[in-house]
Amino acid sequence: MEHIRVAKVEKVVLLHHGTTQQGTLHLTAHHLIFKRTEQTENKAPTLPPSEIWIAYPIIATAYRYPPSAAAPAHLRLRNKDFSFVQFRFETDRECRDVFDSIKALTVIKGGIEKLYAFYYQPKGNEKRWNGWKLYNPIKELERMGVGTDRCKGWRITNINKDYSFSPTYPAILAVPATISDTTLTHAKSYRSRARIPALTYIHPLNNCSITRCAQPLTGVRGNRSIQDEKLVAAIFASSQPPGSSQTPGYLRNTTPSPSGSFSDLQSLDGAGSAPTSDPDVPVGRIYGAQQRNLIVDARPTVNAYAMQVIGMGSEDMDNYKHCSSPPCTKIYLGIDNIHVMRDSLNKVIDAIKDSDITPLPPNRELLAKSGWLKHIGLLLNGTSAIVRQIALEHAHVLVHCSDGWDRTSQLSSLAQICLDPYFRTIDGFINLVEKDWVSFGYRFRDRAGYLGHDKWFIEKAGYGQPLPDETLPGDEDEFSSRVNIGPLGTSAGGGAAAAFGEAFGQAKNFFNNVSSGSNGRSISPAPEVDDDSFNTDRRTKLARATETPILTKPKEVSPMFQQFLDGTFQLIAQYPTRFEYNERFLRRLLFHLYSCQYGTFLHNNDKERLDSRVKEHTRSVWDYFLARRKMWINDQYNPDADGQEHERELEGGRVIFPRTGLVKWWATCWGRENEEMNGPVNVVVAAADTTPTTQLSSTSNSSVVTLPLVSGMVDGVKGLTLGSGVKTPARKGSGESLGVEMM
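Values in this document were obtained by computation on a predicted structure and should not be read as measured data.

Conventions and cut-offs
- Residues numbered from 1 in each chain as written.
- Predicted model: local features only at pLDDT ≥ 70, side-chain atom pairs only at ≥ 80, totals over all residues.
- Heavy atoms only, no water.
- Salt bridge = Lys/Arg side-chain N within 4 Å of Asp/Glu carboxyl O.
- Buried < 20%, exposed > 50% of the residue type's maximum accessible area, 1.4 Å probe, protein only.
- Helix = DSSP H or I, 4+ residues; strand = E, 2+ residues; numbered from the N terminus.
- pLDDT = per-residue confidence, 0-100.
- Contact = heavy atoms within 4.5 Å.
- Expected span 1.5 Å × (residues − 1).
- Pairing = 2+ DSSP bridges.
- Core = buried A, V, L, I, M, F, W, Y, C linked by side-chain atoms within 4.5 Å.
- Axes fitted to C-alpha atoms, helices over the stretch in contact; angles between N-to-C directions.
- Parallel < 35°, antiparallel > 145°, perpendicular 65-115°, else oblique.
- Left-handed = near helix turned anticlockwise from the far one by under 90°.
- Phe/Tyr/Trp six-rings, centres within 6.5 Å; stacked < 30°, edge-to-face > 60°.
- Lys NZ or Arg CZ within 6 Å of the ring centre and 35° of its normal.

What about the pattern of salt bridges?
A side chain of one charge can pair with a side chain of the opposite charge if their charged atoms are brought near each other.
Right, so step 1: Within this structure, the stated rule accounts for 36 salt bridges.
Right, so step 2: A salt bridge links Lys435 to Asp436; its shortest N-O distance comes to 3.9 Å. Like Asp436, Lys435 is buried.
Right, so step 3: A salt bridge links Arg578 to Asp642; its shortest N-O distance comes to 2.7 Å. Of the two residues, Arg578 sits in the loop between α15 (560-574) and α16 (583-595) while Asp642 sits in the loop between α19 (621-627) and α20 (674-678), which places them 64 residues apart along the sequence. Summarising the burial analysis for this pair, Arg578 and Asp642 share the class buried.
Right, so step 4: Members of the salt-bridge network, linked through shared partners, are Glu140, Arg143, Arg212, Asp420, Lys435 and Asp436.

Take a look at the structure:
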């Protein structure tokens with residue numbers, strides 16, 4: 001409480017959507033609370049008091065303005081849930097004291113233990129739930145058939161039980177039954193941060209899998225790993241009997257070598273040059289018979305090649321063609337990195353940022369220029385390619401990006417929602433988030449910026465000054481954040497040069513810290529360099545972790561989880577009868593991503609959660625949702641549409657396919673009406689379904705699938721502007737608007 005200069009300020013005016021309310025502003029240790037003053041007008045009945053709660057971590061930026069002829073002293077808050085409010089004060093002293101207090105309470109130095117989650121005590125029905133026990137990795141693997149007669153090609157390994165194998169991976173992993181832990185130990189040095197290919201999903205119809213990993217460390221010297229190639233081959237053969245014609249010869253009734261040798265290399269080269277079946281001979285389309293297994297690199301092609309400068313890169317398909325027969329292929333999806341996504345979000349906020357002072361709709365032209373819908377469309381484009389490969393081509397898919405926790409999590413989880421009706425239920429969605437985001441090491445703390453940053457609090461000299469690029473954190477980022485490389489590796493400044501420049505800038509830090517081994521193989525992490533990723537003595541690592549406080553790095557903040565929720569919203573909008581949960585469920589989950597009321601999303605990986613004993617000291621976010629389950633039920637949901645009798649229906653059945661041509665703005669997420677973001681219904685013409693079909697074009701190193709650019713999306717209404725006689729769409733009332741906590 002020593003940070004609170006003033007705990008209560010009366011006669012404060014709240015400005016939101018151009019309307020004003022007078023009330024009292026309260027500052028507590030974890031929330032800013034505005035309570036509307038009871039008023040009577042013309043002897044009307046007294047209005048009930050209205051409270052607005054704003055958790056400090058949800059504040060994205062705060063601006064303090066001194067008094068002027070145009071307006072009294074005031075604060076403008078722009079929040080991560082896209083609520084924008086202004087507080088006006090009678091004196092500049094009150095305004096400054098509130099600003100300084102909010103800054104001190106938002107910018108936390110010392111650790112996440114000061115966040116609200118460690119103090120929150122639930123009330124009512126929520127107390128009887130324990131969301132920490134909902135997700136059980138063993139039960140989820142058993143649900144998919146691992147360890148049963150249905151899926152004999154997989155086994156559970158405890159090689160990471162103490163998180164020493166890969167600190168950012170789950171303790172329990174599923175790997176091919178033909179791969180030993182010794183082989184895994186050797187294979188891990190070839191993947192960034194030891195994030196080896198591991199199972200996340202098995203399709204019940206054909207036992208084809210989605211596996212996920214980080215990028216390989218090929219480098220400029222073209223490094224390869226025999227163990228990694230054997231692991232990938234075993235994954236692609238996991239749904240085949242050991243002696244089948246599509247199983248690579250060196251995996252038939254043999255145990256892979258725990259260490260590499262020249263003879264192993266020769267055997268793999270032989271396997272690649274003489275496949276066990278003729279690729280030109282068509283294979284019958286039967287369930288469980290792979291047509292062409294797929295490696296998915298989510299990045300733009302130029303970015304992947306540029307990463308070789310710092311010892312990383314992408315698979316050389318000459319080394320992986322032996323992994324299945326017919327030979328596997330690789331595609332680049334052209335999905336940009338966290339910096340581009342952050343910039344895109346900032347541009348959206350530029351279009352809607354004045355919603356505190358005006359009821360006018362957002363700037364439609366700025367919305368279009370943000371590229372946000374293009375990014376969502378490309379994400380669904382990649383999801384569609386994965387879903388079709390598994391459901392229609394009966395093939396395995398291995399997915400990665402750079403470190404395998406941002407774009408990889410997006411694609412893997414969206415594909416599972418499309419493939420499996422279980423993940424379209426509330427319980428299934430909870431397990432999906434716990435598995436592919438929480439357990440597989442998505443960096444929630446870094447991407448959400450829970451601990452705040454001094455640069456997000458700005459004092460202005462006068463009311464009339466134009467505001468700079470001030471939206472979400474990270475606008476001071478380095479050159480790499482300005483590079484916007486498109487799906488084909490192009491950018492405004494030249495794609496190849498820009499991507500190379502990005503990688504070269506990151507290489508400075510890399511080569512100052514890591515030297516390549518005698519074989520030229522680098523075991524460095526990805527661009528966001530972390531001391532824990534290097535081959536450093538364990539005691540030294542622990543000492544550094546103790547000495548270095550946890551701080552928010554603005555250049556690592558990015559809306560990757562929000563984009564996943566946005567992609568899920570698109571699927572709900574396209575298939576409203578196939579989801580048990582509604583869009584309000586997604587919107588409230590996004591709110592609690594930033595509220596820091598629960599401990600589920602406070603850490604970057606399971607190891608951090610274990611070390612901090614977060615399950616003992618905080619509540620799970622799922623307590624909140626399960627205690628209010630009826631609020632999240634989709635009225636249009638029809639579970640019969642995904643019954644078992646539809647499982648083997650061709651061209652779909654229980655599988656849904658994203659319609660990338662129908663991507664639209666998730667208006668309620670941005671605090672707006674649908675007409676404001678997507679245009680009047682009679683103006684917007686829905687685009688035809690442009691879901692891509694994969695087209696393979698062979699190159700010297702791999703077969704590359706070129707996915708068409710997303711077009712015909714709803715932001716095609718960018719030419720619409722407000723003119724004379726055009727009325728602003730009326731806003732609907734909401735029982736949970738403006739960050740009101742539903743305790």
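There is more to say, and it comes next.
Remarks on the confidence of the model for the chain
Right, so step 1: Across the chain, pLDDT averages 80, with 70% of residues at or above 70.
Right, so step 2: Note on residues 42-49: pLDDT under 50 across the span, and 11 contacts to partners over four residues away in sequence or across chains.
Right, so step 3: Of the regions scoring below 50 in pLDDT, residues 708-735 engages in 50 contacts with residues more than four places distant in sequence or in other chains.

Some remarks on helix α1 (residues 92-106)
Right, so step 1: End to end, α1 covers 21 Å across 15 residues, agreeing with the expected 21 Å (1.5 Å per residue, within 8%).
Right, so step 2: Of all the residues in α1, the buried ones are Cys95, Asp97, Val98, Phe99, Asp100, Ser101, Ile102, Leu105 and Thr106.
Right, so step 3: In this structure, the buried side of α1 is in contact with β1 (8-16), β2 (19-27), β3 (31-36), β5 (59-65), β6 (74-79) and β15 (457-459).

Brief notes about the pairing of strand β14 (residues 397-400)
Right, so step 1: Covered by surrounding structure in β14 are Val397 and Val399 together with Leu398 and His400, the residues of both alternating faces.
Right, so step 2: Sheet topology note: the strand β11 (residues 209-212)/β14 ladder contains 3 bridges and is parallel. Bridge pairing in β14 places Arg212 opposite Val399.
Right, so step 3: As paired elements, strand β12 (residues 294-297) and β14 share 4 bridges and run parallel to each other. Opposite Ile295, over in β14, you have Leu398 as the bridge partner.

Side note on helix α9 (residues 372-391)
Right, so step 1: Relative to the 28 Å expected for 20 residues at 1.5 Å per residue, α9 spans 28 Å between its end C-alpha atoms, a close match to the ideal helical length.
Right, so step 2: Counting buried positions along α9 yields 19 of 20 residues, so the element is predominantly enclosed.

What about the environment of Leu199?
Right, so step 1: Of note, Leu199 is situated in strand β10 (residues 198-202).
Right, so step 2: Along the sequence, Leu199 and Ser209 sit 10 residues apart, while their C-alpha atoms lie 7.1 Å from each other.
Right, so step 3: Excluding residues within four positions of it along the chain, Leu199 makes contact with Leu141, Val146, Trp154, Ala174, Ser209, Ile210, Thr211 and Phe440.

A closer look at the nonpolar core
Right, so step 1: By size, the foremost hydrophobic cluster in this structure holds 159 residues, and its most contacted members are Phe87, Ile417, Phe429, Phe561, Phe564, Phe601 and Trp670.
Right, so step 2: By residue number, the principal contributor to this core is α9, which donates 11 residues.
Right, so step 3: Those residues in contact with Phe564 that sit more than four places away from it in its chain are Gln410, Ser413, Leu414, Ile417, Phe429, Leu432, Val433 and Trp437.

Some remarks on the side chain of Ser412
Right, so step 1: Considering the arrangement of structural elements, one finds Ser412 in helix α10 (residues 407-419).
Right, so step 2: Apart from residues no more than four positions distant in its own chain, Ser412 is found in contact with Thr200, Ile210 and Asp436.

Structural notes on unusual backbone geometry
Right, so step 1: Backbone torsion omega between Ser325 and Pro326 reads 0°, so that peptide bond is classified as cis.
Right, so step 2: Positive phi, normally seen in glycine, also occurs at Phe82, with a value near 65°.
Right, so step 3: Mapping Phe82 onto the fold places it in the loop between β6 and β7 (84-88).
Right, so step 4: Despite not being glycine, Tyr163 shows a phi value in the positive range, around 65°.
Right, so step 5: Looking at the element boundaries, Tyr163 is found in the loop between β8 (154-157) and β9 (173-176).

Quick look at the packing of α10 against α15
Right, so step 1: The contact between α10 and α15 brings their axes to 10 Å, and the two run at 20°. Classed by the angle they form, the pair α10 and α15 counts as roughly parallel. For the crossing formed where α10 meets α15, the hand is right-handed. Every residue of α15 that contacts α10 at Arg407, Gln410, Ser413, Leu414, Ile417 and Cys418 is listed here: Met560, Gln563, Phe564, Gly567, Thr568 and Leu571.

Observations concerning the packing of aromatic side chains
Each pair of aromatic rings is reported with the distance of its centres and the angle of its planes.
Right, so step 1: For the structure shown, the criterion picks out 33 aromatic pairs.
Right, so step 2: Ring geometry for Phe99 versus Phe457: centroids 6.0 Å apart, planes at 70°, classification edge-to-face. On the criterion of sequence distance, the pair formed by Phe99 in helix α1 and Phe457 in strand β15 is long-range, its members being 358 residues apart.
Right, so step 3: Under the relative-accessibility criterion, Phe99 is labelled buried at 2%.
Right, so step 4: Note on Phe457: relative accessible area 8%, which makes it buried.
Right, so step 5: Taking the centre distance of 6.3 Å and the plane angle of 90° together, the rings of Phe601 and Trp622 count as edge-to-face. Of the two residues, Phe601 is situated in the loop between α16 and α17 (606-612) and Trp622 in helix α19; the sequence distance between them amounts to 21 residues. Of the two residues, Phe601 and Trp622, both sit in the buried class.
Right, so step 6: The positively charged end of Arg588 is found above the aromatic ring belonging to Phe591, 4.3 Å away from the centroid.

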